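Now for the letters of each chain:
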Amino acid sequence: MRVDLFDFDLPEERIALRPAEPRDSARLLVVDPNNGSHALSDYQIRDLPSFLRPGDAVVFNDTKVIPAQLEGIRHREGAPGQQVSATLHMRAAPDRWKAFAKPGKRIKIGDRIQFGHGENVCALGSLDATVEEKGEGGEITLRFDLSGPALDEAIASVGHIPLPPYIAAKRPEDERDRADYQTIYAREEGAVAAPTAGLHFTPSLFAALDAMGVERHFVTLHVGAGTFLPVKADDTDDHKMHFEIGYVDAATAEKLNAVKARGGRIVCVGTTSLRLIESAAANDGTIQPWQGATGIFITPGYRFKAVDMLMTNFHLPRSTLFMLVSAFAGLDTMRAAYTHAIETGYRFYSYGDGSLLHRKD
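Cut-offs used in this document
Residues numbered from 1 in each chain as written. Predicted model: local features only at pLDDT ≥ 70, side-chain atom pairs only at ≥ 80, totals over all residues. Heavy atoms only, no water. Helix = DSSP H or I, 4+ residues; strand = E, 2+ residues; numbered from the N terminus. Rg over C-alpha atoms; globule rule 2.2 N^0.38 Å. Buried < 20%, exposed > 50% of the residue type's maximum accessible area, 1.4 Å probe, protein only. Areas by Shrake-Rupley, 256 points an atom, 1.4 Å probe, with all protein chains shown as cover. Lys, Arg positive; Asp, Glu negative; His and termini not counted. Charge placed at Lys NZ, Arg CZ, Asp CG, Glu CD. Pairing = 2+ DSSP bridges. Axes fitted to C-alpha atoms, helices over the stretch in contact; angles between N-to-C directions. Contact = heavy atoms within 4.5 Å. Salt bridge = Lys/Arg side-chain N within 4 Å of Asp/Glu carboxyl O. Phe/Tyr/Trp six-rings, centres within 6.5 Å; stacked < 30°, edge-to-face > 60°. Lys NZ or Arg CZ within 6 Å of the ring centre and 35° of its normal.

Caption draft 1: Structural context of the overall build of the chain. Counting its secondary structure elements, the chain contains eight helices and 17 strands. For 361 residues, the compact-globule estimate of 2.2 N^0.38 gives 21 Å, and the chain sits close to it at 21 Å. When the backbone C-alpha atoms are referred to their principal axes, the chain occupies close to 70 × 45 × 40 Å. Per-residue burial over the chain gives 55% buried out of 361 residues. For the chain, the accessible surface area stands at approximately 15,500 Å², while carbon and sulfur atoms represent 50% of it. For the chain, the distance from the average position of its 40 positive side-chain charges to the average position of its 48 negative side-chain charges is 2 Å.

Caption draft 2: Structural detail: the sheet that holds strand S12 (residues 215-221). Pairing is mixed in the open sheet, where nine strands are placed in the order S2-S1-S17-S16-S14-S3-S12-S13-S15. With one partner strand each, in any of the chains shown, strand S2 (40-44) and strand S15 (290-294) form the two edges of the open sheet. Adjacent strand axes in the sheet meet at a mean angle of 25 degrees when their direction is disregarded. When strand S16 (residues 309-313) meets strand S17 (residues 354-358), the two strands line up antiparallel, connected through five bridges. Bridge pairing in S17 links Asn-313 to Gly-354. Relative to S16, helix H7 (residues 320-329) is tilted by about 150 degrees, and along the sheet it contacts S16 and S17. In the packing of helix H8 (residues 331-343) onto the sheet, the strands contacted are strand S1 (27-31), S2, S16 and S17, and the crossing angle to S1 comes to about 155 degrees.

Caption draft 3: Structural view of the pattern of salt bridges. Scanning the model with the defined rule gives 23 salt bridges in all. Of the charged contacts, one joins Asp-24 and Arg-46 as a salt bridge, the two residues approaching to 3.4 Å between their closest N and O atoms. Linking Asp-24 in the segment before S1 with Arg-46 in the loop between S2 and strand S3 (57-61), this pair joins segments that are 22 residues apart in sequence. A salt bridge links Arg-112 to Asp-128, with the shortest nitrogen-to-oxygen separation between them at 4.0 Å. Placement of Arg-112 in strand S8 (residues 112-115) and of Asp-128 in strand S9 (residues 127-134) is noted, with a sequence separation of 16 residues between them. Arg-112 sits in the partly exposed class, given a relative accessible area of 29%. Three or more residues are tied together by salt bridges with common partners; here these are Arg-18, Arg-171, Asp-174 and Asp-177.

Caption draft 4: Summary view of the packing of aromatic side chains. Inspection of every chain in the model, using the stated rule, returns 23 aromatic pairs. When the ring centre of Phe-218 is taken as reference, the NZ or CZ atom of Arg-187 above it lies at 5.3 Å. Its end group placed over the ring of Phe-206, Arg-216 keeps NZ or CZ at 4.1 Å from the ring centre.

Put into structure tokens, the structure is as follows:
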């Protein structure tokens, strides 16, 4: 499909720079493409339970954001040191990370980079790495001198929360972001971007779901920095998705299959949990235990195998995520939904409001 079909104009003032307080007071646009002229309705996040039924299952991504934005000095024999920035996006080994580097063109294989200089020094000493591989679009592979938990501790010491570029361009990261840009149920470290639909949940909203008899299940997909990359191709067939690591354990797969077998619905919180469940699902809709790297790219025409409803935030124009929601609820419906959201003051992107989508029949 043509990528420009997924374009729209968003006023700058619609980009949220801080989350709503409390989190579940954010607005919720309910989108039901099977409900004719009543496809769009306005609520709040805390109203979510009223759209669910006992026996439904809500699936969350429990990945935890790490401070994956690193600033350092590149060292090369015969050349002066140069300031570089690296955003880690996927772990390749206990001592290796793939990263997006700036300025990427000036970095070469074999360069040494010292992270955490000046006042921001790792408690264990310097955090040094060697550029082992170089790919396209500024992507590099870093082999660190530290490994495993020691490397994790060093990254936590010198790194910064990698705020999305549309927020970072307007204000610097601060201590508040370390809490705001994390779900209350985050536990598996490894993401460099938050599963932002999950940022809306509070203990009281969890309690309301439990009281209804709605099941809560957790899967893990470590969101990578590739989620912020624009689609530069003119046609979706020419776009290359970046891979992300995740897993669905056997117990969770079994419980979700039991939900479907008794007529319950699977409701994914966020496009990340949806992409993972659809990666793990067989053609008959059965969810299998699964682990690995997924690069699933969902555009209109995709046949959803397992997921019935999707709660998600409002996404960037011409993005893979806007393509995904358009595949789920229909392109015309989602264009109308986004027009309504813009006209009625919904807040967009990571810290913004949410939507609840019914899958188009």
